[in-house]
Amino acid sequence: MSNIIEFHNVGYTYPRSTRAALQGVDLTIEEGDFVAILGESGSGKSSLAQCAVGIIPHLLGGHFNGEVTVAGLRMIESSIAQLVDLVGYVFQDADAQLFGLRVEETIAFGMENMGMPREQMVAKLKELAVLLRIEHLMRKHTSELSGGEKQACAIAAVLAMGPEVIILDDPTSPLDPVGKQRIRDIILDLNKKMGKTVILIDRESDWVATVANKVCLMKDGQLVQIGSPSRVFSDPATVEETGVAMPQLADLYLKLRAKGYNLNGLFLTYDEAKETLAEASILERLRCGSAEIAHHKLGKSPPGTGKPIISLRNLSFSYDHFPALRDINLDVFPGEVVALVGQNGSGKTTLAKHIIGLLKPGRGTVQVMGQDVAKASTAELARQVGYVFQNPDRQLFEATLLDEVAYGLKIQGDVQAGEKAQRILELFDLTSLADESPFSLSMGQKQRIAIASALVTEPNILILDEPVEGLDERNRRVLIDLIRKLHRSGKTIILISHDMNFVAKCSTRVVILQQGRILADGETREIFANPNLFVDTSLRLPLVTALALEGGCAGVLTVEEFVNNVEAALS
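Below or above, wherever it landed, is the structure these notes cover. Residue numbers run consecutively from 1 along every chain, following the written order of its sequence. With the structure being a predicted model, the display of local features is reserved for residues of pLDDT at least 70 and the display and counting of side-chain atom pairs for 80 or more, all residues being used for whole-chain, interface and lining totals. To get the side-chain values, all heavy atoms of the structure are used, and hydrogens and water are removed first.

### Concerning the packing of aromatic side chains
By convention, a stacked pair of Phe, Tyr or Trp rings (six-membered ring in the case of Trp) has centres within 6.5 Å and planes under 30 degrees apart, an edge-to-face pair has planes over 60 apart, and any other such pair is tilted. Tallying each qualifying case throughout the model produces 9 aromatic pairs. Here Tyr-12 and Tyr-14 contribute two aromatic rings whose centre-to-centre distance is 4.8 Å and whose plane-to-plane angle is 75 degrees, an arrangement assigned as edge-to-face. Summary of the burial criterion: residues with accessible area below 20% of their type's maximum are buried, those above 50% are exposed, and those between are partly exposed, where the area comes from a 1.4 Å probe applied to protein chains only. For Tyr-14, a relative accessible area of 28% gives the class partly exposed. Ring geometry for Tyr-89 against Phe-91: centres 4.6 Å apart, planes inclined by 35 degrees, an arrangement best described as tilted. We classify Phe-91 as partly exposed; its relative accessible area is 30%.

Given below as structure tokens:
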């Protein structure tokens, strides 16, 4: 295979910045490669990818040095128009790339600008519709599409230009499990069936490790490690250093090896793990010890005592005659961490909005701290319930972090607003940024400041809507530690999430919603011990949970628990 993109000693600094976004990067990408670029926020992943299509430096300016060649063209001497014929770029935000009212218009937009003959455009549209399995969407308005459908449309629009290389910048981050799988299937087809060179910027190493042939780890604008997935993920110290999540199965392999188990070769896929653990009789050992372990693990939490802090009775709600919630009955008790899970449109956020009074019941009642939400003012509810939206940008509006955190206290007339805001900034390790604009922060920092702003008024209940979306591994760990700390302090927390690894680590109870109804409600281990619930809702069990079930051991939530159960079965 010949080289299609080459980076030689590439460096870059953004305008008005003194910190280098890229430093001395050397990377060769061959035709047909599937390259995954991983790293924490601000490590330089997107900056590197944007050099390949000339966005850096032609569009963004700044100081660029080094050499980038694309199919033999020197990037610095080529226009973006020349480069996009060779390299297509799909952004995380699909809406930013949808230019037409209808799907077919959006896909045709680039071809029209290229002056492609109409007959050729029509044939290309039909071809792309079949390849990406979007024939049924072509006449739809883009505003009617789901997140996954929008991203598929954005990919089709890029492919219509005929590039040999497709760069996808965190394309599945905002999607639910069905949307994620749809886009992942398309990405695999691009590489395996269409022969496109794929450069993927992603956060989910579990999937990346099974599909990429080359993994690049970045930190502080530098390439720290390049190699095959098995080589890269055999070095946990470097993975940890770069703030990347270790694939769960690779982590399991390394932890079992550290305990002295003789396993043949690092496993990265579920089938590899299942086969290797069966050959080493580890699944058999789990099965032998499963009765006692499963009984211990599935012991239910004591039922809630006293009055529930939140109580929903026969709650129903519709959007323009479309039923979003149907006869919901739910009690949440003080100190619980309850995860609301389910597909997009299952009613999770609609339910949460009833708790804070943003929506009023069509039928039934909602009580918070014994008070009927329908009769309470927004100000009264805000003192009891803190709500952090899925996109923290929607609730950040002050000039500085200190003013942002103090805002809720000031409108309540608290004369100690400034002092209390300083204390909570210390708690969240944000004191050094007190005078910075919230909009200059990374996504992880914005998420923390949004949570800090919600907590400063000392509400009894905190609702977090998709709090790990867009967070790198380091910030995920910070958030998980914070939730655990709040749980220990007695706060009642409601999590809305599609991320079952996150739910497994944080929640004490899981409520599965499907088509506006409660499908299941129970202690986290109990719910995770029933794989059929996840099949029915297209949610994905953590890989170690599913693997432990193969050995007859129910309710395992983390790698550490899997290893501990193996050890317990032997003893």
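### Brief notes about the environment of Gly-357
Secondary structure elements are taken from DSSP: a helix is a run of H or I of four residues or more, a strand is a run of E of two residues or more, and numbering for both begins at the N terminus. With respect to the secondary-structure elements, Gly-357 resides in the loop between helix H15 (348-355) and strand S14 (363-368). By relative accessible area, Gly-357 is classed as buried at 16%. Taking C-alpha positions, Gly-357 is 49 Å from Ala-569, a pair spaced 212 residues apart along the chain.

### Things to note about the side chain of Thr-524
Topologically, Thr-524 is positioned in helix H22 (residues 524-528). Of the polar contacts made by the side chain of Thr-524, one reaches the side chain of Ser-507; its length is 2.9 Å. If we ignore the near neighbours within four places in the chain, the residues touching Thr-524 are Val-503, Ala-504, Ser-507, Thr-508, Arg-509, Val-510 and Leu-557. Think of a polar contact as two N or O atoms within 3.5 Å of one another; within protein, one of them needs to be a possible hydrogen donor and the other a possible acceptor, and neighboring residues in sequence only count if both atoms come from side chains. Should any heavy atoms of two residues lie within 4.5 Å, those residues are counted as being in contact.

### What to know about the sheet that holds strand S8 (residues 197-201)
Spatially, 6 strands are ordered S6-S7-S8-S3-S9-S10 in an open sheet, and the strand pairing comes out mixed. Looking along the sheet, the strands with just one partner apiece sit at the ends: strand S6 (87-90) and strand S10 (222-227). Pairs of neighbouring strands in the sheet enclose a mean axial angle of 15 degrees, with direction left out of account. Angles here are taken between N-to-C directions and fall from 0 to 180 degrees, while the axes themselves are lines fitted to C-alpha atoms, restricted in helices to the stretch in contact. Its contacts with the sheet place helix H1 (residues 45-52) against strand S3 (34-38), S6, strand S7 (165-169), S8 and strand S9 (214-219), and it is angled at close to 145 degrees to S6. Where helix H6 (residues 147-159) meets the sheet, it contacts S6 and S7, and its direction lies at approximately 165 degrees from that of S6. Should DSSP find at least two bridges between two strands, the strands are taken to pair.

### Focus on the pattern of salt bridges
Salt bridge, as used here: a side-chain nitrogen of Lys or Arg that lies within 4 Å of a carboxyl oxygen of Asp or Glu. For the structure shown, the criterion picks out 29 salt bridges. Put simply, Glu-336 and Arg-509 hold a salt bridge, and the shortest N to O gap is 2.9 Å. You can see Glu-336 sitting in the loop between strand S12 (322-332) and strand S13 (337-341) and its partner Arg-509 sitting in strand S19 (residues 509-514), a full 173 residues away along the chain. Neither Glu-336 nor Arg-509 differs from the other in exposure class; each is buried.

### Quick word on the packing of helix H17 (residues 401-411) against helix H18 (residues 417-427)
Between H17 and H18, the shortest axis-to-axis distance is 8 Å and the interhelical angle comes to 130 degrees. Judged by the inter-axis angle, H17 sits oblique to H18. Our pair here, H17 against H18, has a crossing hand that is right-handed. Between H17 and H18, the contacting residues are Leu-402, Val-405, Ala-406, Leu-409 and Lys-410 on the first element and Ala-417, Gly-418, Lys-420, Ala-421, Gln-422, Ile-424 and Leu-425 on the second. All residues other than Ala, Val, Leu, Ile, Met, Phe, Trp, Tyr, Cys, Pro, Asp, Glu, Lys and Arg, Gly among them, are scored as polar; the first ten of these are nonpolar and the last four charged. In terms of residue class, the contact of H17 with H18 is built from 8 nonpolar, 2 polar and 2 charged. Geometric relationships in this document are graded by angle, where less than 35 degrees denotes roughly parallel, more than 145 denotes roughly antiparallel, 65 to 115 denotes roughly perpendicular, and other angles denote oblique. Left-handed is the label given to a crossing in which the near helix is rotated counterclockwise from the far helix by less than a right angle, and right-handed is the label when the rotation is clockwise.

### A few points about helix H24 (residues 543-550)
Buried within H24 we find Val-544, Thr-545, Leu-547 and Ala-548. For H24, the buried positions fall inside an angular range of 165 degrees around the axis, keeping them on one side. Looking at the residues trailing H24, positive phi occurs at Gly-552, about 80 degrees. The arc in question is formed by the directions pointing from the helix axis toward the C-beta atoms.

### Notes on a negative patch on the surface
Nonpolar side chains (Val, Leu, Ile, Met, Phe, Trp, Tyr) within 5 Å and like charges within 9 Å form the patches, drawn only from residues with over 30% relative accessible area and no salt bridge. Where accessible areas are quoted, they stem from the Shrake-Rupley method and a 1.4 Å probe; at the residue level, only the protein chains shown are allowed to cover. Residues scored as charged are limited to Lys and Arg (positive) and Asp and Glu (negative), so that His and the chain ends carry no count. A charge is said to be at NZ when it belongs to Lys, at CZ for Arg, at CG for Asp and at CD for Glu. Side chains of Asp-271, Glu-272, Glu-275 and Glu-279 sit close together on the surface and give a patch of like negative charge. Within the fold, Glu-272 resides in helix H12 (residues 270-279). Using a relative accessible area of 35% as the deciding quantity, one classes Glu-272 as partly exposed.

### Structural notes on the packing of helix H4 (residues 103-113) against helix H5 (residues 118-131)
Two numbers describe how H4 lies on H5: the axes approach to 10 Å, and their chain directions differ by 130 degrees. Accordingly, the angle class assigned to the pair H4 and H5 is oblique. For H4 against H5, the interelement crossing comes out right-handed. Between H4 and H5, the residues in contact are Glu-104, Ile-107, Ala-108, Met-111 and Glu-112 and Met-121, Lys-124, Leu-125 and Leu-128, respectively. For the contact of H4 with H5, the residue count by class is 6 nonpolar, no polar and 3 charged.

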